[in-house]
Amino acid sequence: NAGVTQTPKFQVLKTGQSMTLQCAQDMNHEYMSWYRQDPGMGLRLIHYSVGAGITDQGEVPNGYNVSRSTTEDFPLRLLSAAPSQTSVYFCASSWTGQDTQYFGPGTRLTVL
Amino acid sequence: GQSLEQPSEVTAVEGAIVQINCTYQTSGFYGLSWYQQHDGGAPTFLSYNALDGLEETGRFSSFLSRSDSYGYLLLQELQMKDSASYFCALGGKSTFGDGTTLTVKP
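First, a word on what this report is: a plain description of the structure on this page. (Residues numbered from 1 in each chain as written. Chains lettered and ligands numbered in written order. Predicted model: local features only at pLDDT ≥ 70, side-chain atom pairs only at ≥ 80, totals over all residues. Heavy atoms only, no water.)

So, about the overall build of chain B. Along the backbone of chain B there are zero helices and eleven strands. Helices (α) and strands (β) of chain B occur, in sequence order from the N terminus, as β-β-β-β-β-β-β-β-β-β-β. Expected size for 106 residues packed as a compact globule is a radius of gyration near 13 Å; at 13 Å, chain B falls within 12% of this value. Oriented by its inertia axes, the alpha-carbon framework of chain B measures out at about 40 × 30 × 20 Å. Across chain B, the fraction of contacts at a sequence separation of at least 24, relative to all contacts at a separation of at least 6, is 54%. Counting every atom, chain B has about 5,100 Å² of accessible surface; 47% of that belongs to carbon and sulfur. (Helix = DSSP H or I, 4+ residues; strand = E, 2+ residues; numbered from the N terminus. Rg over C-alpha atoms; globule rule 2.2 N^0.38 Å. Contact = heavy atoms within 4.5 Å. Areas by Shrake-Rupley, 256 points an atom, 1.4 Å probe, with all protein chains shown as cover.)

Our focus in this paragraph is the pairing of strand β8 (residues 70-75) of chain B. Residues and elements named next belong to chain B. With respect to burial, β8 is a largely interior element, five of its six residues being buried. Here strand β3 (residues 18-25) pairs with β8 via six bridges, running antiparallel. Pairing of Ile20 across the sheet is with Leu73, part of β8. Across six bridges, strand β7 (residues 60-65) lies against β8 in antiparallel orientation. Residue pairing across strands places Ser62 opposite Leu73, the latter belonging to β8. The turn joining β7 and β8, which pair antiparallel and follow one another in sequence, is formed by four residues; a positive phi near 50 degrees is taken by Ser69. (Buried < 20%, exposed > 50% of the residue type's maximum accessible area, 1.4 Å probe, protein only. Pairing = 2+ DSSP bridges.)

The subject of this paragraph is the pairing of strand β9 (residues 87-94) of chain A. All names here are of chain A. Of all eight residues that make up β9, eight are buried, and the element is covered over most of its length. Taking every second residue as pointing to the same face, both faces of β9 are buried, with Ser87, Tyr89, Cys91 and Ser93 on one and Val88, Phe90, Ala92 and Ser94 on the other. Pairing between strand β4 (residues 31-37) and β9: seven bridges, direction antiparallel. By the bridge assignment, Tyr35 is partnered in β9 with Phe90. In this sheet, strand β10 (residues 102-103) lies alongside β9 in antiparallel orientation, the contact comprising two bridges. What sits directly across from Ala92, in β10, is Phe103.

Looking now at the interface of chain B and chain A. A common measure of how large an interface is: the accessible area buried when the components associate. Chain B puts 17 residues into the contact, and the matching count from chain A is 20 residues. Among the residues of chain B in contact with chain A, B:Lys93, B:Ser94 and B:Phe96 are the three that bury the most area, contributing 31% of the side total. Where chain B touches chain A, the interface holds zero salt bridges. Between the two partners, chain B and chain A, sit six residue pairs in polar contact (both at pLDDT 80 or more). When residues of the side of chain B that touches chain A are traced back to their parent elements, those giving at least two are β4 (32-37) and β5 (44-49) of chain B. Class assignment for the residues of the side of chain B that touches chain A results in eight nonpolar, seven polar and two charged. (Buried area = accessible area lost by both parts, 1.4 Å probe. Salt bridge = Lys/Arg side-chain N within 4 Å of Asp/Glu carboxyl O. Polar contact = N/O pair within 3.5 Å; in protein donor to acceptor, adjacent residues only side chain to side chain. Nonpolar A, V, L, I, M, F, W, Y, C, P; charged D, E, K, R; others polar.)

Moving on, we come to the packing of aromatic side chains. Under the definition given, this model contains twelve aromatic pairs over all chains. Arranged with centres 5.7 Å apart and planes meeting at 40 degrees, the rings of A:Tyr35 and A:Phe103 form a pair that is tilted. Remark: A:Phe103 occurs in strand β10 and A:Tyr35 occurs in strand β4; sequence separation between them is 68 residues. One aromatic cluster is present, formed by A:Tyr35, A:Phe90, A:Phe103, B:Tyr35, B:Phe45 and B:Phe96 through successive ring pairs. Above the face of the A:Phe74 ring, A:Arg68 is positioned so that its terminal group lies 6.0 Å from the ring centre. (Phe/Tyr/Trp six-rings, centres within 6.5 Å; stacked < 30°, edge-to-face > 60°. Lys NZ or Arg CZ within 6 Å of the ring centre and 35° of its normal.)

Okay, structure coming up:
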């Protein structure tokens, strides 16, 4: 099992550009989520999904979109990148959302 | 909403025992988890408490008191590789604390 995979590992964007961060899991988990982690801080929930076709907002959803067309994939789209979105982004999956979460390796995003 | 508080830094020596405390506020309780994160790495799951009491997993134990909205992570026989950040997290809206940086000294 690959677990949770994320691409790309690193990305540099200019203000106003858009991009999609990819996340995939091969554990057949229903629950998937996206977090951002700023230096010296904990993880903040951006969006989450409890199953294919179902998504909801987390604590800091503004500027981000998600969709969940399959159980395996949960991409995160930045609509118009801003320097405030410079952060490390982690994708995670679990069976129910209340149990153990498995995290991907992260995407380090810099917006200039 | 949900919020958690934990100390920002803890220092201990190799072989010692250290306790990392976490207090929380939430309107609905869905369990308290602990995660470890090494510099530049992804968080990895350590322990989970849904009910009051102590959960033991090898050198790591976690305690929960729902009446006090309080939990702690206990690390025994500290090793240098335990130097990392430790996060408590509430279920439900998946709210994480800001993390405790543990430094283990020889």
